[in-house]
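Summary of structural features
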Amino acid sequence: MGGARRCVPRWKATVVPSDRSGGENAPGPLWSEPGTLLEHVSIAVLGIDEDNRICYWGPGAQDLFGHDPAAVLSRPAAVLFPDPPQGAPDAAVRLAERGRTLGYWRGRLPARHLDGAVFDCGFRVFPVSGAGGRSVVMALASRSDELDRVKTNLAFLDALFETCPIGLVMLDEELRYVHLNQALADMDSLPIGEHLGRRMEEIMITSDGGEYQRKLRAVAAGGRPVVGALVGVRTPGHPDRDQVRSVSFFPLTGAVGSRPGVGGLLVDVTDREQAIMEATAGRQRLALLDRAAARIGTTLDVDVTARELVAAAVPDFSDASVVELVEWMDEPEVFDPEQPLVTRRIASGTILPPPATELVSGLETVTYPPGSAIHRMLLTGRPVSVLVNDEFMTRTVIHQARAQLLRDSGLACILLAPLIARGTVQGITMFGRSAARPAFTEEDLSLAGELASRAALCLDNARLYSRVQDIALTLQRALLPSALATSPYVQVAHRYLPGSHLTEVGGDWYDVINLPDGRVALVVGDVMGHGVPAAAAMGRLRITAKALARHNQEPDHLLTELDACAQEAGIELATCLYILYDPSTGRARIASAGHPPPLVRHPDGTVETVSDVLGVPLGVGGHPFKTIEITLPEDAILALYTDGLIEARGQDIEEGLAAVRAELRRAPGQLEETADRMLSSLLPDPPDDDTVLVLARVRRSP
């Protein structure tokens with residue numbers, strides 16, 4: 001600096017003045033070869049001699065300044081610049097002087113086009129030795145805005161490759177790495193240098209049968225770009241870790257001098273996809289729980305509840321499922337890990353082909369030895385997942401044939417969950433998955449525990465209900481007559497049919513009582529309500545009615561006493577029909593407390609409804625009962641019944657009564673056969689409610 005002139009090298013070349021005006025075809029010692037940069041930025045080459053005249057006019061000069069060679073050669077270079085201010089040297093002189101004195105100079109000056117337009121122009125000037133030792137200043141010129149644009153683009157691309165977190169790559173036509181950024185190298189866990197020259201399939205290893213490579217080759221061949229495609233890969237840097245990448249590729253067509261091939265952007269979206277899958281799985285688990293809550297426990301039937309649990313799990317949660325109840329030998333129901341566990345399989349289901357069907361449904365009773373996976377699960381009280389391997393089968397599956405079925409079933413893992421409610425082990429449930437599905441996760445264990453917990457509570461409710469139902473049914477049957485009184489003048493066929501498991505035991509009852517002088521009393525009643533209270537109330541009324549009948553009570557008086565008994569016992573509503581038949585006269589005296597009317601089948605087949613004896617039910621009180629008397633012909637059949645025979649959902653009582661009359665009208669035959677036929681024809685299977693039917697064929701005494 002300090003005013004001293006820098007010592008710079010001088011360019012030396014032989015320059016021959018151009019004497020042609022043929023534009024780009026004019027030969028010259030300096031020729032700007034086409035390339036990518038020159039396609040985007042026009043470069044003008046020109047020479048200025050010692051007299052500051054234009055001595056060389058290169059091919060790009062005419063494009064930049066508008067002058068053809070013939071018009072500018074040998075003219076002052078000042079023609080290329082705006083007129084200087086008054087007294088100031090022109091720009092051409094200053095430009096040439098800087099080139100001669102500095103050896104190399106670059107800068108910007110205003111330039112003028114042939115049409116008079118002034119534009120900002122960038123120059124690079126340097127001296128060369130001409131013919132005869134003359135010095136020529138060579139100038140390279142281009143529009144400043146085009147240079148700025150190219151420099152900005154190059155700076156952007158440099159920054160993009162340096163700092164962009166997205167993987168960037170350029171591949172040649174053979175899908176070999178030509179250029180990539182550090183982000184992609186980090187993604188692959190391999191240095192940039194180990195990529196270059198290698199095929200992409202060597203770095204991005206896929207298991208899609210080559211589909212990803214086929215897409216890339218189609219792009220390289222000039223096909224449509226691939227945008228946002230998801231591909232699962234592994235790389236040599238992480239051969240044990242699966243990645244999911246979002247890839248976009250576009251063709252490099254070779255325009256403007258670039259090499260053909262493929263450009264691409266790659267983003268590692270493994271975490272995002274994993275989060276999406278986990279969120280989706282979470283929603284699916286919640287949806288499954290919601291469906292299960294609506295589906296499991298719709299009845300108080302143990303078997304139905306178990307089947308509902310299996311239906312909720314297969315196929316949404318597992319490929320196979322079974323439910324087994326524990327067969328406790330005695331009370332209390334306490335699990336002993338040192339003893340074999342015996343279960344009863346009550347529900348099963350699978351979508352797998354045979355032999356999986358036989359595996360889940362081929363056993364009714366299963367025994368698990370101490371130390372089995374079932375025992376380990378029940379000890380913790382929490383669900384566990386086990387692999388179907390030799391250890392599991394050795395410890396848990398006793399029979400070799402069953403073990404072979406398990407091996408051949410296709411099940412790869414089994415989730416075991418305890419059915420525990422109110423501190424009692426009800427049983428176990430198992431969910432199995434084949435190798436085609438993912439193994440059970442911790443979230444799956446939690447879901448299975450929730451399913452099992454809900455099902456266990458429903459099963460326990462059903463078990464307790466069944467126990468109460470059994471008690472009520474046992475009580476009712478104990479209170480019903482085990483053997484009815486017989487008479488040579490009254491032949492009786494009687495049936496008591498309990499309702500389905502979905503209906504609690506009712507208070508239906510009946511009796512046949514022998515009285516003095518050959519008379520016979522027929523009684524049918526029904527206590528409103530269900531369960532043990534109804535059965536107990538029924539027993540009390542039946543025993544009281546039998547005692548009152550033996551005291552030779554008239555039917556209306558007997559019902560009056562029975563009504564008082566009902567009120568004292570707190571029985572609010574019960575019906576009763578009492579018939580007193582005298583075979584010596586053939587007459588029957590009848591009284592009713594709100595019970596369905598009796599029917600009489602005459603020998604000619606006509607059926608009569610005795611409907612004028614209706615009274616108020618027992619327990620209401622305050623209303624007198626009345627007795628009517630009818631004459632029964634020889635071989636007439638009396639039909640006494642409870643409302644279960646004539647009432648049905650969606651059917652009017654009169655329709656039910658008409659159906660009973662129609663069945664009774666048919667040829668009677670034996671009373672036992674007639675009773676069976678009537679019940680099978682008139683009642684659904686299983687029946688909706690408890691039903692009593694008493695058929696009595698009457699004869700007269702001599």
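It should be noted that the structure appears before, not after, this text.
What counts, and where the lines are drawn
Residues numbered from 1 in each chain as written. Predicted model: local features only at pLDDT ≥ 70, side-chain atom pairs only at ≥ 80, totals over all residues. Heavy atoms only, no water. Salt bridge = Lys/Arg side-chain N within 4 Å of Asp/Glu carboxyl O. Helix = DSSP H or I, 4+ residues; strand = E, 2+ residues; numbered from the N terminus. Buried < 20%, exposed > 50% of the residue type's maximum accessible area, 1.4 Å probe, protein only. Axes fitted to C-alpha atoms, helices over the stretch in contact; angles between N-to-C directions. Left-handed = near helix turned anticlockwise from the far one by under 90°. Contact = heavy atoms within 4.5 Å. Nonpolar A, V, L, I, M, F, W, Y, C, P; charged D, E, K, R; others polar. Phe/Tyr/Trp six-rings, centres within 6.5 Å; stacked < 30°, edge-to-face > 60°. Lys NZ or Arg CZ within 6 Å of the ring centre and 35° of its normal. Patch = residues over 30% accessible without salt bridge, like charges linked within 9 Å, V, L, I, M, F, W, Y side chains within 5 Å. Areas by Shrake-Rupley, 256 points an atom, 1.4 Å probe, with all protein chains shown as cover. Pairing = 2+ DSSP bridges. Core = buried A, V, L, I, M, F, W, Y, C linked by side-chain atoms within 4.5 Å.

**Describing the pattern of salt bridges**
Enumeration according to the criterion identifies 26 salt bridges in this entry. Between Glu-211 and Arg-214 there is a salt bridge whose closest N-O contact spans 3.1 Å. Here Arg-214 and Glu-211 lie together in helix H8 (residues 211-220), a separation of three residues that amounts to about one turn. Given a relative accessible area of 35%, Glu-211 falls into the partly exposed group. Put simply, Arg-407 and Asp-390 hold a salt bridge, and the shortest N to O gap is 3.9 Å. On the criterion of sequence distance, the pair formed by Arg-407 in helix H14 (residues 400-408) and Asp-390 in helix H13 (residues 390-396) is long-range, its members being 17 residues apart.

**Digging into the packing of helix H18 (residues 653-665) against helix H19 (residues 671-682)**
Where H18 contacts H19, the axes come no closer than 10 Å and their chain directions differ by 145°. When you trace H18 past H19, the crossing you get is right-handed. Residues Ala-659, Val-660, Glu-663 and Leu-664 of H18 form the contact with H19, whose participating residues are Arg-677, Met-678, Ser-681 and Leu-682. The residue inventory of the contact of H18 with H19, partitioned by class, reads five nonpolar, one polar and two charged.

**Focus: the packing of aromatic side chains**
Here the structure, examined in full by the defined rule, presents six aromatic pairs. Summarising the aromatic geometry, the rings of Trp-57 and Phe-65 are spaced 6.0 Å apart at their centres and angled 45° between planes, so their arrangement reads as tilted. Taking the centre distance of 5.6 Å and the plane angle of 40° together, the rings of Phe-81 and Phe-123 count as tilted. Here Phe-123 lies in strand E4 (residues 118-129) and Phe-81 lies in the loop between helix H3 (69-72) and helix H4 (91-102), a separation of 42 residues in the sequence. Owing to a relative accessible area of 2%, Phe-81 belongs among the buried residues under this scheme. Pairwise contacts between aromatic rings join Trp-57, Phe-65 and Phe-119 into one cluster. If you follow Arg-433 out to its NZ or CZ, it ends over the ring of Phe-317, 5.2 Å from the centre.

**Section: a nonpolar patch on the surface**
On the surface, a nonpolar cluster with roughly 230 Å² of combined accessible area is contributed by Met-528, Leu-573 and Val-620. Tracing the backbone shows Met-528 in the loop between strand E19 (520-527) and helix H16 (531-549). Relative accessible area serves as the criterion here: at 36%, Met-528 is assigned to the partly exposed category.

**What about the sheet that holds strand E21 (residues 587-593)?**
If you trace the five strands from one edge of the open sheet to the other, you get E18-E19-E20-E21-E24, paired in antiparallel fashion. Here the strands that pair on one side only, and so sit at the sheet edges, are strand E18 (507-514) and strand E24 (628-631). Adjacent strand axes in the sheet meet at a mean angle of 15° when their direction is disregarded. Pairing geometry for strand E20 (residues 574-582) and E21, over six bridges, is antiparallel. Residue pairing across strands places Leu-577 opposite Ser-592, the latter belonging to E21.

**Some words on the nonpolar core**
Grouped together as the largest cluster of nonpolar side chains are 33 residues, with contacts concentrated most on Phe-317, Val-323, Leu-415, Leu-419 and Phe-431. Excluding residues within four positions of it along the chain, Leu-415 makes contact with Phe-317, Pro-383, Val-384, Ser-385, Thr-429, Met-430, Phe-431, Phe-440, Asp-444, Leu-445 and Ala-448. In this structure, Val-326, Tyr-368, Leu-378 and Val-425 belong to the second largest nonpolar core, which totals 29 residues.

**Looking at the sheet that holds strand E23 (residues 607-609)**
Sheet architecture is open: five strands sit in the order E17-E26-E25-E22-E23, paired in antiparallel fashion. For this open sheet the edge positions go to strand E17 (490-497) and E23, each flanked by a neighbour on one side alone. For this sheet, the mean angle separating the axes of adjacent strands, direction not counted, is 15°. Judged from the eight bridges that link them, E17 and strand E26 (residues 691-698) form a sheet pairing that is antiparallel. Its bridge partner lying in E26, Leu-497 is registered against Thr-691. Helix-sheet contacts for H18 involve strand E22 (599-601), E23, strand E25 (637-641) and E26, and the interaxial angle to E22 is about 25°.

**Brief notes about helix H12 (residues 373-380)**
Listed as buried for H12 are Ala-373, Ile-374, His-375, Met-377 and Leu-378. Among the structural elements, strand E12 (341-350), strand E13 (365-368), strand E14 (384-387), H13, strand E15 (411-421) and strand E16 (424-434) are those in contact with the buried residues of H12. Once H12 finishes, Gly-381 follows within two positions and takes phi at roughly 75°, a positive value.

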